[in-house]
Amino acid sequence: MMVINPHPFPNRIRFSLPLLNRSITTRGGGGGGGGSSCSAFNCRSVSSFISFTWDDVVQASQPDHAPNDSSDLSGFFENIKYCNRGSSEIKSEFIPLVIEDQIVGYIHNGFFYDYLRRFKDVFVFVPSDSRFGTNVTLNKTLSTPEERTRVVGRVIKSLAEEEKELIPGIRNELYPVKRSFGSPPYFSLERAAAPYFGIKPHGMSCVANLIKECEEEAGIPLSLSNQAMSVGAVSYVDVDGYRYKRDVLFCYDLELPGDFIPKNQDGEVESFKLIPVENVANVIRRTCFFKPNCSLVILDFLFRHGYIRPECLGYLDLLQSLRSGDFS
């Protein structure tokens, strides 16, 4: 059985962390968004959120709602495809962001020329070099993480005030910009701006984040959350306009007591619903009710626990699509 918890918005529901009363699969980083206009078997992107009720979810999840689609994996493929938007041609419009001879992100040509280029004391365009080709770096006078954080933050604030829709959702939450997990940060960047710089968010440790989110989102105490088992990761690369999201979602399983009732603690979850795992799989295949990147985490669970079987046509292709992300 699976519990799914929506974020509260007026007359709208956006799904996030999937909770199971047999086990819990959660994430240790990354966001991801987007939205869709949905009907069973048919989705098209139109806005950030969609309107529906729990009755809609339960109805779409029932086996007899579409009795002949049990082996149809096309809906799963659509979820993976949506999270990995952007052809190689579009991705070529992004150039590396290089700090201390390391690629830490990617910036769209248009975003640099239209917005960043005028901040010459901060961002430097390098036409070409032998190692990285054309790239963007920070002014060498910005030699410490603290200086870079302060000055880049000033740029982000200026752009956000200048054009309200350019970098929406400023929340004064900083992500450290690193080469990889465990390495020291080069500087820290406003979370809402992270996709515009193509960085991979590296914040607190995965275990610390797991414990924090379990408590805040579902009231799962430390005595339970510290029993979570790391089971791997999924990733995706999503290109949308100037934004280049390179997210890694670390997955954990946690067996919960049968009588455990999740209770939100931070006001970001409206309600919970207990639904059989097989029915949750139907919701993913048939609709766009789940937040797309959460669907990837659930897909990983479905593969690992045998809910998607090799007998299904396209099994290996789907598994390869899910596992082909960039973890670097």
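If you're wondering where the values come from, they're calculated on a predicted model, not measured in any experiment.

Visitor: An account of the overall build of the protein is requested, with residue identities and associated values reported.
Guide: If you tally the helices and strands in the protein, you get 10 helices and 13 strands. Every one of the 328 residues in the protein was classed for burial, and the buried ones make up 48%. Taking the contacts inside the protein whose residues are at least 6 apart along the sequence as the reference set, 66% of them involve residues at least 24 apart. Counting only carbon and sulfur atoms, one obtains 50% of the accessible surface of the protein, whose full area is about 15800 Å².

Visitor: Give me the side chain of D238: which residues, what numbers.
Guide: In this fold, D238 is placed in strand β11 (residues 229-240). Given a relative accessible area of 8%, D238 falls into the buried group. Every residue in contact with D238, bar those within four places of it in the chain, is listed here: Y82, C83, R85, R243, Y244 and K245.

Visitor: Would you mind going over the packing of helix α1 (residues 54-61) against helix α8 (residues 277-286) in detail, with residue names and values included?
Guide: Where α1 contacts α8, the axes come no closer than 8 Å and their chain directions differ by 100°. Between α1 and α8, the angle falls in the class roughly perpendicular. Contact residues: V57, A60 and S61 in α1; N279, N282, V283 and R286 in α8. In terms of residue class, the contact of α1 with α8 is built from three nonpolar, three polar and one charged.

Visitor: Residue-level account of helix α10 (residues 315-323), with values.
Guide: At 3.6 residues per turn, the α-helix brings residues three or four places apart onto the same side. For α10, the complete set of buried residues consists of Y315, L318 and L322. The buried side chains of α10 occupy one side of the element, clustering within an arc of 70° when seen end-on. Along α10, the residues that are exposed and aim more than 90 degrees away from the buried face are L316 and Q320. The elements touched by buried residues of α10 are α2 (74-83), β11 and α9 (292-304).

Visitor: Could you give me a rundown of the packing of aromatic side chains, with the residues and numbers involved?
Guide: In total, this model carries 14 aromatic pairs according to the counting rule given. Taking the centre distance of 5.5 Å and the plane angle of 40° together, the rings of F111 and Y196 count as tilted. Pair noted here: F111 is in helix α4 (residues 109-116) and Y196 is in the loop between β10 (187-190) and α6 (206-218), with a separation of 85 residues, a long-range link. Classification of F111 as buried rests on a relative accessible area of 0%. Overall, Y196 belongs to the buried group, its relative accessible area being 6%. Of the aromatic side chains, those joined through ring pairs into one cluster are F111, Y115, F123, Y196, F197 and Y242.

Visitor: Explain the confidence of the model for the protein residue by residue, including any values.
Guide: Note: predicted coordinates in regions of low pLDDT should not be interpreted at a detailed level. Averaged over all residues, the pLDDT of the protein is 82; the fraction at 70 or higher stands at 82%. Scored below 50 in pLDDT, residues 1-49 shows 187 contacts in the model against residues more than four places distant or in partner chains.

Visitor: Account for the sheet that holds strand β7 (residues 123-126), with residues named and values stated.
Guide: One open sheet accounts for four strands, arranged β6-β5-β8-β7; its pairing is mixed. Unpaired on one side and paired on the other, β6 (102-108) and β7 mark the two borders of the sheet. The average angle at which neighbouring strand axes cross in this sheet is 35°, direction not considered. Judged from the six bridges that link them, strand β5 (residues 94-99) and β6 form a sheet pairing that is antiparallel. Looking across to β6, one finds that I95 is bridged to I107.

Quick notes on the rules
- Residues numbered from 1 in each chain as written.
- Predicted model: local features only at pLDDT ≥ 70, side-chain atom pairs only at ≥ 80, totals over all residues.
- Heavy atoms only, no water.
- Helix = DSSP H or I, 4+ residues; strand = E, 2+ residues; numbered from the N terminus.
- Buried < 20%, exposed > 50% of the residue type's maximum accessible area, 1.4 Å probe, protein only.
- Contact = heavy atoms within 4.5 Å.
- Areas by Shrake-Rupley, 256 points an atom, 1.4 Å probe, with all protein chains shown as cover.
- Axes fitted to C-alpha atoms, helices over the stretch in contact; angles between N-to-C directions.
- Parallel < 35°, antiparallel > 145°, perpendicular 65-115°, else oblique.
- Nonpolar A, V, L, I, M, F, W, Y, C, P; charged D, E, K, R; others polar.
- Arc of directions from axis to C-beta.
- Phe/Tyr/Trp six-rings, centres within 6.5 Å; stacked < 30°, edge-to-face > 60°.
- pLDDT = per-residue confidence, 0-100.
- Pairing = 2+ DSSP bridges.

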